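Results of the structural survey
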Amino acid sequence: MRSGSVMSEVSQTVGILGGGQLARMLALAAAPLGVRCLAVDQAPDACAGQIAELVQAEWHDFAGLEPFAHRIDVATFDFENVPAETAEWLAERTRVFPNPRALTVAQDRLTEKNLFRACGLDTPAFVPVDTRPGLDEALGRIGAPAILKTRRFGYDGKGQFRIKSPADADAAWRALGAHTGRAGLILESFVPFVAEVSVVAVRARDGDFRTWPLTRNWHVDGILSASLAPAPADDAIAGAAFAHARAIAEELDYVGVFALELFVSADAIHGQELRGQRLLGNEMAPRVHNSGHWTLDGAVTSQFENHLRAVLGLPLGDTSARGVSCMLNWIGELPDRDALLAVPDAHWHDYGKSPRPGRKVGHATVCAGDAGTLAQRLQRAARALGREAQVQPVVQALAAT
Ligand code: AMP
């Protein structure tokens, strides 16, 4: 660049392991900061490649990853199932946030739940399962209904089998038993929750810790369908959720954004009542999270920007909500963009992915200054898009506030 030029030089490059929509939205947030993103993915057409430079490499292809490691100032993840060896190999060459231990703990539902309990967060009852007789034994201890899950590599409801009665054990084993060769299974008691909520939080390199307002989430077939923030929740519940997130982040010496997914359960246990409700830890995502996508349009600083600020050692931004926001996920295919854009304060996010059943291809966020206006806007959007069923539980929750 010529001296005296007003153009800024790109001074930092963030390497992202995984090139999906999370990497894409990180890259979109990076540009105004003067930060470049370099994503690495196994797929040559990963959607972050439309926004950032994409390197194609397998996770164990260290020769292919070597130039990537040398071009970046810091590495982070859009995908938590990067092998631990790869994260450790990278950490010998560059800074990696979150650290490989945090990633490894969050990759396995068993170590994750043990961590939650060690940090004082209760969880659904659980028993690791490695054999077919072990499943019967676990069912004897936990009872039905229960959910059998793969300990690793599960996402969006995949790798799960709901056991309604012990007679379902054979079918559950047929569906998931083969996974015991890879990483084992876990049987969890089925929680009759009154709500699912998540804490999206960020911790900086200097320990500064912030949370966005508590988010309420609705899932359909195990996939996130809608999120509402701030969640209409008791202050005591929100305060307890934030305290759990902070304790976990500090225990892991976590740097960056993460999400802690919680069940709000009404089946209070004697002595543990929190105004008739209590929180149970479901899982944590060691990365920016779908339930934090509303922050792009509904918060002062988005989860993507704050994740970049955290991993680069920059001051964190304000995590306050600007009003009330609802995020609607587009699964399988995009609805009518133009109809959504006709709704006031509605925002469209297309991930540039080809449609496929069960695939997250985009989302929209509808924002408003108050709950009543948000409910009206959501109903208008739902009618225009034919998405009444998706919006209905959110509108009901808003009406109850
Ligand atoms: P997960 O992949 O563990 O987050 O599970 C996906 C979804 O399945 C959750 O968001 C819940 O809606 C449901 N789910 C998972 N585990 C349980 C449980 N132990 N009890 C009740 N519902 C569950």
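Remember, predicted model here, so these are calculated numbers, not experimental data.

A few words now on the packing of helix α3 (residues 84-91) against helix α4 (residues 100-107). Where α3 meets α4, the axes come as close as 9 Å, and the angle between the chain directions of the two elements is 170°. As far as their axial angle goes, α4 and α3 are roughly antiparallel. When α3 is examined against α4, the residues A84, A87, E88 and A91 are found in contact with a partner set consisting of P100, L103, T104 and Q107. Its residues assigned to classes, the contact of α3 with α4 shows five nonpolar, two polar and one charged.

If you trace the five strands from one edge of the open sheet to the other, you get β3-β2-β1-β4-β5, paired in parallel fashion. This sheet does not close on itself; its edge strands, each paired only once, are β3 (53-56) and β5 (95-96). Two strands pair when backbone bridges link them, and strand β4 (residues 74-77) and β5 are joined in this way by two bridges, in the parallel orientation. Each residue of the ladder has a partner; that of A75, found in β5, is V96.

To continue, consider the nonpolar core. Residues V14, I16, C37, W212 and F304 are the most contacted members of the largest nonpolar core, which totals 38 residues. Sorting the residues of this core by element identifies β1 (12-17), α1 (21-30), β2 (35-41), β10 (193-203), β13 (223-229), β14 (256-265) and α10 (303-312) as the ones contributing at least two each. Excluding its chain neighbours within four sequence positions, the residues that come into contact with C37 are V14, I16, L26, A27, A30, A52 and E53. Residues A102, A106, V197 and F258 belong to the second largest nonpolar core, which totals 28 residues.

Attention shifts here to the domain arrangement of the protein. Segmentation of the protein into domains returns domain 1 (12-96) and domain 2 (125-189). For domain 1 versus domain 2, the separation of C-alpha centres amounts to 33 Å.

Evaluated as defined, the whole model comprises 17 salt bridges. Here E53 makes a salt bridge to R71, at a shortest N to O gap of 2.8 Å. Taken as a pair, E53 in strand β3 and R71 in helix α2 (residues 62-71) lie far apart in primary sequence, 18 residues in all. Residue classification places R71 among the partly exposed positions, given a relative accessible area of 44%. The network of salt bridges with common partners includes E66, E92 and R93.

Definitions and limits used
- Residues numbered from 1 in each chain as written.
- Predicted model: local features only at pLDDT ≥ 70, side-chain atom pairs only at ≥ 80, totals over all residues.
- Heavy atoms only, no water.
- Axes fitted to C-alpha atoms, helices over the stretch in contact; angles between N-to-C directions.
- Helix = DSSP H or I, 4+ residues; strand = E, 2+ residues; numbered from the N terminus.
- Parallel < 35°, antiparallel > 145°, perpendicular 65-115°, else oblique.
- Contact = heavy atoms within 4.5 Å.
- Nonpolar A, V, L, I, M, F, W, Y, C, P; charged D, E, K, R; others polar.
- Pairing = 2+ DSSP bridges.
- Core = buried A, V, L, I, M, F, W, Y, C linked by side-chain atoms within 4.5 Å.
- Buried < 20%, exposed > 50% of the residue type's maximum accessible area, 1.4 Å probe, protein only.
- Domains from an automatic or database assignment.
- Salt bridge = Lys/Arg side-chain N within 4 Å of Asp/Glu carboxyl O.

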